[in-house]
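Reading the structure
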Amino acid sequence: MHVLVTGGLGYLGHAVTLDLLAAGHRVTVLTRGGADAGHHAGAGLVRGDVRDRARIGEVVAAGRFDAICHLAAVSRGRDSFADPLTYYDVNVTGTLNLLMALDGIRGSAPPARFVFASTDKVYGSRYVGALGEDLDPCPESPYATSKVAAERLVAAYAATGAIGAVTLRCFNIAGSAGGRTDTAVERIIPNVFRALTGESPYVTLNGDGSAVRDFVHVLDVAAAVRLSLAAAQAGEHRVYNIGSGVASSMAQVVATAEAVTGLPVAVRKAPPKPEPQVLTADNSRAVKELGWTPGRSGLTELIADAWSTWNA
């Protein structure tokens with residue numbers, strides 16, 4: 001297939017591009033500009049901002065893509081409270097513009113396959129334990145709400161038969177791919193690494209660090225995207241949780257990082273927060289229907305991969 005990957009120069013986009021190329025697909029990466037760092041030589045590159053409807057229409061009409069992996073987004077939940085308009089503009093309007101572009105060539109090509117990267121944050125903090133896809137979304141930030149709105153937009157358009165769509169609700173993506181790892185300041189593993197290297201004096205844990213979350217390797221997520229492209233059927237919209245299904249506490253993340261690196265991590269304990277103690281993915285639907293396996297998402301391998309890239 002000829003696949004357009006929006007946000008293809010980002011952390012997840014880089015891994016998806018490498019995975020699709022390795023599987024024999026033709027890939028074109030959409031970037032809104034700036035440096036081409038991380039661009040794989042085997043992929044094409046086009047410029048365009050998903051908020052620019054005219055430009056996105058040009059790109060889609062010229063590319064005649066068989067599939068679109070829509071990964072471009074702004075995704076810092078805390079920042080979205082201060083700047084909600086940007087989050088809706090990029091995450092909702094950007095998705096609308098891609099679908100409008102596909103609608104503009106509707107009938108001149110077979111229905112495209114459309115994979116949309118969403119987030120476990122759509123579930124909010126109301127639920128505890130293993131989260132299934134049939135739970136009602138309870139978003140608690142403009143970021144999460146914008147993702148729910150985009151999911152529903154994709155589902156509505158798929159129902160017309162114009163596309164075959166899959167939404168992937170990704171849990172905490174980590175690890176590395178092709179020399180790229182996560183550097184986001186709001187996530188625990190990059191913050192542990194900053195404490196290890198002296199970029200930060202310590203990593204902060206809420207309470208005793210017993211809160212449990214689900215971490216999934218970026219290479220496993222990329223595989224899920226590829227499998228979703230194969231599974232997408234015109235007129236359908238499927239939703240899958242993409243997480244390891246393994247419970248890892250924040251204290252366990254710190255301890256594993258110490259074991260992997262052989263270095264001590266300075267920890268500062270903050271007061272406990274009113275947050276769910278256990279949040280993991282029920283990934284059984286993805287495993288059964290996509291044939292997906294999170295085979296690289298063990299905490300030790302995931303942290304070791306991330307550290308090797310970070311340290312390099």
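The sections below set out a description of the structure shown in this document. Please read these numbers as outputs of a predicted model, since none were measured by experiment.

Each pair of packed helices can be described by the angle between their axes along with the distance between the axes. Helix H7 (residues 218-231) packs onto helix H1 (residues 11-22) with a crossing angle of 60° between their chain directions and a minimal axis gap of 8 Å. One element, H1, and the other, H7, form an angle in the oblique class. The interaxial crossing formed by H1 with H7 has right-handed handedness. Between H1 and H7, the contacting residues are Tyr-11, Leu-12, Ala-15, Val-16, Asp-19 and Leu-20 on the first element and Val-218, Val-221, Ala-222, Ala-223, Val-225, Arg-226 and Leu-229 on the second.

The N-to-C vectors of helix H6 (residues 188-197) and helix H8 (residues 250-261) enclose an angle of 45°; their axes lie 10 Å apart at closest approach. In terms of axis orientation, H6 runs oblique to H8. Crossing angle aside, the handedness with which H6 passes H8 is right-handed. Across the interface between the two elements, Ile-188, Ile-189, Val-192 and Leu-196 from H6 touch Met-250, Val-253, Val-254, Ala-257 and Thr-261 from H8. When grouped by side-chain class, the residues that make up the contact of H6 with H8 number eight nonpolar, one polar and no charged.

Looking at the secondary structure, you find Thr-31 in strand E2 (residues 26-31). A residue is classified by how much of its surface remains accessible, and Thr-31, at 9% relative accessible area, is buried. Discounting chain neighbours no more than four positions away, the residues touching Thr-31 are Leu-9, Leu-45, Val-46, Arg-47 and Gly-48.

To continue, consider the packing of aromatic side chains. Summed over all chains, the structure comprises three aromatic pairs. With a centroid separation of 6.2 Å and an interplanar angle of 75°, the aromatic rings of Tyr-87 and Tyr-143 are classed as edge-to-face. Placement of the pair is Tyr-87 in helix H4 (residues 84-104) and Tyr-143 in helix H5 (residues 142-158), with a sequence separation of 56 residues. Side by side, Tyr-87 and Tyr-143 carry an identical accessibility label, which is buried. Considering the side-chain rings of Phe-193 and Trp-310, the 5.4 Å spacing of their centres and the 65° angle between planes classify their relative orientation as edge-to-face. Within this pair, whereas Phe-193 is found in helix H6, its partner Trp-310 is found in helix H10 (residues 299-311), the two being separated by 117 residues in sequence. Of the residues examined, Trp-310 reaches a relative accessible area of 17% and is grouped as buried.

The next subject is the sheet that holds strand E14 (residues 237-242). In spatial order, the strands read E3-E2-E1-E4-E5-E7-E14; together these seven strands make up an open sheet with parallel pairing. This sheet does not close on itself; its edge strands, each paired only once, are strand E3 (44-47) and E14. Averaged over neighbouring strand pairs, the angle between their axes works out to 20° when direction is ignored. The sheet contact formed by E2 and E3 spans four bridges and is parallel. Each residue of the ladder has a partner; that of Thr-28, found in E3, is Gly-44. Those strands touched by H1 are strand E1 (2-6), E2 and strand E4 (67-70), and its axis lies near 170° from that of E1. Running at roughly 145° to strand E5 (residues 112-119), H7 makes contact with E1, E4, E5, strand E7 (163-170) and E14 of the sheet.

Parameters and conventions
Residues numbered from 1 in each chain as written. Predicted model: local features only at pLDDT ≥ 70, side-chain atom pairs only at ≥ 80, totals over all residues. Heavy atoms only, no water. Axes fitted to C-alpha atoms, helices over the stretch in contact; angles between N-to-C directions. Helix = DSSP H or I, 4+ residues; strand = E, 2+ residues; numbered from the N terminus. Parallel < 35°, antiparallel > 145°, perpendicular 65-115°, else oblique. Left-handed = near helix turned anticlockwise from the far one by under 90°. Contact = heavy atoms within 4.5 Å. Nonpolar A, V, L, I, M, F, W, Y, C, P; charged D, E, K, R; others polar. Buried < 20%, exposed > 50% of the residue type's maximum accessible area, 1.4 Å probe, protein only. Phe/Tyr/Trp six-rings, centres within 6.5 Å; stacked < 30°, edge-to-face > 60°. Pairing = 2+ DSSP bridges.

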